[in-house]
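Understanding the architecture of this molecule
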Amino acid sequence: MTLQIGVIGTGAIGQDHIRRITQALSGARVVAVNDINPQQARDTVARYQLDAIVHTDAHTLVADPAVQALLVTSWGPTHEEFVLAAIAKGKPVFCEKPLAVTAEGCRRIVDAEIAHGKRLVQVGFMRPYDAGYRALKDVITNGHIGAPLMLHCAHRNPSVGDSYTTPMAITDTLIHELDVLRWLLDDDYVSAQVVFPRKSSHASSHLADPQIVLLETTRGVRIDVEIFVNCQYGYDIQCSVVGETGIANLPEPASVLLRSEARLGTTILTDWKQRFIDAYDVELQGFINGIRDGALTGPSAWDGYAAAVAADACVKAQETRQVEAISMGARPAFYPR
Ligand code: NAD
Ligand code: NAI
Ligand code: ISE
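Residues numbered from 1 in each chain as written. Chains lettered and ligands numbered in written order. Predicted model: local features only at pLDDT ≥ 70, side-chain atom pairs only at ≥ 80, totals over all residues. Heavy atoms only, no water.

**So, the UniProt feature "domain: Gfo/Idh/MocA-like oxidoreductase C-terminal" (unreviewed entry) in the protein chain**
What UniProt calls "domain: Gfo/Idh/MocA-like oxidoreductase C-terminal" (unreviewed entry) maps, in this numbering, to residues 137–322. As a span, residues 137–322 carries 34% helix and 25% strand, and end to end its C-alpha atoms are 31 Å apart. (UniProt positions renumbered as here; feature names shortened; annotations may be inferred. Helix = DSSP H or I, 4+ residues; strand = E, 2+ residues; numbered from the N terminus.)

**Points about the environment of Gly-146**
Turning to its location among the elements, Gly-146 is positioned in the loop between α6 (131–141) and β7 (148–156). Residue Gly-146 is classed as buried on the basis of its relative accessible area, which comes to 19%. C-alpha of Gly-146 to C-alpha of Arg-219: the two residues are 73 residues apart in sequence and 14 Å apart in space. Sequence-distant contacts of Gly-146, defined by excluding residues within four places in its chain, comprise Glu-244 and Thr-245. (Buried < 20%, exposed > 50% of the residue type's maximum accessible area, 1.4 Å probe, protein only. Contact = heavy atoms within 4.5 Å.)

**A closer look at the sheet that holds strand β10 (residues 222–228)**
Sheets are built from strands paired through backbone hydrogen bonds, the pairs being either parallel or antiparallel. One open sheet accounts for 7 strands, arranged β12-β11-β7-β10-β9-β8-β15; its pairing is mixed. Both outer strands of the open sheet, β12 (247–249) and β15 (324–325), are each paired with one neighbouring strand and no more. As judged from the 6 bridges shared by strand β9 (residues 211–217) and β10, these two strands associate in the antiparallel manner. By the bridge assignment, Leu-214 is partnered in β10 with Asp-224. Strands β7, β11 (236–243) and β12 of the sheet are contacted by α6, whose axis makes an angle of about 5° with β11. (Pairing = 2+ DSSP bridges. Axes fitted to C-alpha atoms, helices over the stretch in contact; angles between N-to-C directions.)

**Points about the packing of aromatic side chains**
The final tally for this structure, using the stated rule, is 6 aromatic pairs. For the pair Tyr-133 and Phe-276, a centre-to-centre distance of 6.5 Å together with 25° between the ring planes defines the contact as stacked. Residue Tyr-133 is found in helix α6, and its partner Phe-276 is found in the loop between α8 (272–275) and α9 (277–293); the two are separated by 143 residues along the sequence. There is no split in this pair, since Tyr-133 and Phe-276 are both buried. Pairing Trp-302 with Tyr-335 gives two aromatic rings, centres 6.3 Å apart and planes at 25°, and the pair type is stacked. With a gap of 33 residues between them, Trp-302 in helix α10 (residues 301–320) and Tyr-335 in the segment after β15 connect regions that are remote in the sequence. According to the relative accessible area criterion, Tyr-335 is buried, its value standing at 2%. The aromatic ring of Tyr-305 is capped on one face by Arg-107, whose charged end is 5.3 Å from the ring centroid. Sitting above the plane of the Phe-276 ring, Arg-275 keeps its charged end 4.5 Å from the centroid. (Phe/Tyr/Trp six-rings, centres within 6.5 Å; stacked < 30°, edge-to-face > 60°. Lys NZ or Arg CZ within 6 Å of the ring centre and 35° of its normal.)

**Quick look at the sheet that holds strand β1 (residues 3–8)**
Read across the sheet, 6 strands follow the order β3-β2-β1-β4-β5-β6 without closing on themselves; strand pairing throughout is parallel. Two strands bound the open sheet, and with one partner strand each, they are β3 (53–54) and β6 (121–123). Looking at chain direction, β1 and strand β2 (residues 28–34) are connected through 6 bridges and run parallel. Residue pairing in the sheet places Leu-3 in a bridge with Ala-28 of β2.

**Quick word on the UniProt feature "domain: Gfo/Idh/MocA-like oxidoreductase N-terminal" (unreviewed entry) in the protein chain**
UniProt feature "domain: Gfo/Idh/MocA-like oxidoreductase N-terminal" (unreviewed entry): in the numbering of this structure it lies at residues 4–125. Along residues 4–125 one finds 43% helix and 20% strand; the C-alpha atoms at either end are 22 Å apart.

**Concerning the domain arrangement of the protein chain**
Domain parsing of the protein chain yields domain 1 (3–125 + 278–299) and domain 2 (127–274 + 307–325). Here domain 1 and domain 2 have C-alpha centroids that lie 27 Å from each other. Of the residues lining the interface, 17 residues belong to domain 1; the matching set on domain 2 comes to 15 residues. Summing both partners gives a buried area of about 1,400 Å² for domain 1 against domain 2, and 67% of it is carried by carbon and sulfur. At the junction of domain 1 and domain 2, the tally comes to 1 salt bridge. Summed over the shared surface of domain 1 and domain 2, the result is 3 residue pairs in polar contact (both at pLDDT 80 or more). (Domains from an automatic or database assignment. Buried area = accessible area lost by both parts, 1.4 Å probe. Salt bridge = Lys/Arg side-chain N within 4 Å of Asp/Glu carboxyl O. Polar contact = N/O pair within 3.5 Å; in protein donor to acceptor, adjacent residues only side chain to side chain.)

**Some thoughts on the pattern of salt bridges**
Applying the stated criterion to the full structure yields 17 salt bridges. Residue Glu-324 pairs with Lys-316 through a salt bridge whose shortest N-O separation is 3.5 Å. Judged by its relative accessible area of 12%, Glu-324 falls in the buried class. Salt bridges sharing partners connect three or more residues here, namely Arg-182, Asp-186, Asp-188, Asp-303 and Arg-337.

**Brief notes about the site of ligand 2**
The full set close to ligand 2 counts 14 residues, and Arg-134, Asp-179, Arg-182, Trp-183 and Arg-331 are the nearest of them. At 2.9 Å from an oxygen atom of ligand 2 is found a side-chain nitrogen or oxygen belonging to Arg-331. Broken down by element, the residue count for the shell around ligand 2 peaks at 3 residues, all from helix α7 (residues 168–185). Considered class by class, the residues forming the shell around ligand 2 number 5 nonpolar, 2 polar and 7 charged. Counting only domains with at least three residues in the shell around ligand 2, you end up with domain 1 (3–125 + 278–299) and domain 2 (127–274 + 307–325). (Near = heavy atom within 4 Å. Nonpolar A, V, L, I, M, F, W, Y, C, P; charged D, E, K, R; others polar.)

**Points about the layout of surface pockets**
Computed from the structure, the largest pocket encloses a volume of approximately 1,200 Å³. Lining the largest pocket we find 45 residues, and of these Ser-74, Trp-75, Gly-76, Lys-97 and Asp-172 sit closest to its centre. Sort the elements by how many residues they give to the lining of the largest pocket and α7 lands first, with 5 residues. Across the lining of the largest pocket, the residue classes tally to 19 nonpolar, 21 polar and 5 charged. Of the residues that make up the lining of the largest pocket, three or more belong to each of domain 1 (3–125 + 278–299) and domain 2 (127–274 + 307–325). Of the voids in this model, the second largest pocket is the one considered here, and its volume is about 580 Å³. Lining the second largest pocket are 22 residues; nearest its centre among them are Trp-183, Thr-297, Asp-303, Arg-331 and Pro-336. Residue assignment for the lining of the second largest pocket shows that the elements contributing at least two residues are α6 and α7. The class makeup of the residues in the lining of the second largest pocket is 8 nonpolar, 3 polar and 11 charged. Taken together, domain 1 (3–125 + 278–299) and domain 2 (127–274 + 307–325) each give at least three residues to the lining of the second largest pocket, which thus spans both. (1 Å grid on protein atoms, 1.4 Å probe; cavity = no way out; pocket = protein on both sides within 12 Å on 5 of 7 lines; lining within 4 Å. Points joined across faces, edges and corners; volume = space filled by probe spheres on them.)

What follows is the structure, given as structure tokens:
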């Protein structure tokens, strides 16, 4: 049976996910789309030659009997409303990160899902599906570097638009590390601090860039993450795990080693869509298969909540310049490890 999906938000990642559902994945098709900009929704239907209805109201799309599952790829602040609407209709929903822009909003989703009684939500944290991160986790889990002690990470984008703000370095960008590092270490965070180095001249006047976030986990692992969203040179994701007996680094994306014009080098990607392209495919196929098999297994609403609790503390730490505590309470039995 082909799963019939409705998409809310036909922007950059909405269109990219529509492309993969339509051209790369199996078992699903897009039957309805909505965007706050209806022309963009219509253009998307034309571009991907979809046999899909354009709804001018997102809630009408959620209620459409032809729509069996939802993809929420609109702006972050709209996610909570649409995910809650999907849960109210008992429809599975894949929501791009962040699940909601505050921990309180994520908690409302967690509570609604638990009240519904069955998992319906998968969050678009794709890095746990990336082959490089999975290889890194295997090295740690198999004890090849002993117990992890420290992590040195970097999340660098070439540039961001003028609407990108200082808190978005946390809620939009660091949120990926907040998710993947707790998955990688099988641990949770207890504190966060944010340090501001000298500002890049390429950052807009209202943006603090770069930033360094210092995290501590329940087992005492110390993590530093450099967020640098106007680094100019490329889209560069780094993760180095220092253990008791060795160091494990996230593999670089495959690239031809080129000897040419008296230089030896490899290409650095510039587009986030390319850096994790395989992981996006696997996560979304996992969502489709999970619905078919009656059990979603990917990043849960609890994972979305856990990342948001840490993000709230980081945003507070940006303002106070102090070490801020992170506490998310007990994991509900509804979300087994
Ligand atoms: P975008 O601005 O290109 O697209 C967002 C779209 O949502 C726009 O077309 C906008 O018109 C539409 N929209 C906004 N509010 C709406 C509403 N109330 N109803 C219907 N449509 C609405 O942004 P984007 O880069 O595609 O990002 C969208 C989401 O995906 C964000 O939450 C972002 O954090 C996330 N994202 C995730 C990744 C990832 O690596 N997982 C990468 C990029 C973006
Ligand atoms: P698992 O599903 O047994 O989970 C491992 C641990 O990580 C658990 O403690 C769980 O609570 C936690 N976790 C899972 N997702 C998380 C997230 N997004 N954020 C924080 N913590 C998270 O382990 P497995 O099978 O290694 O799966 C890990 C992820 O990869 C899952 O999201 C899963 O759906 C996905 N997956 C990907 C496959 C692939 O081929 N790339 C195959 C199977 C699973
Ligand atoms: C964007 O929304 C993403 O999710 C990208 O993966 C991230 O690198 C970027 O900083 C975000 O703005």
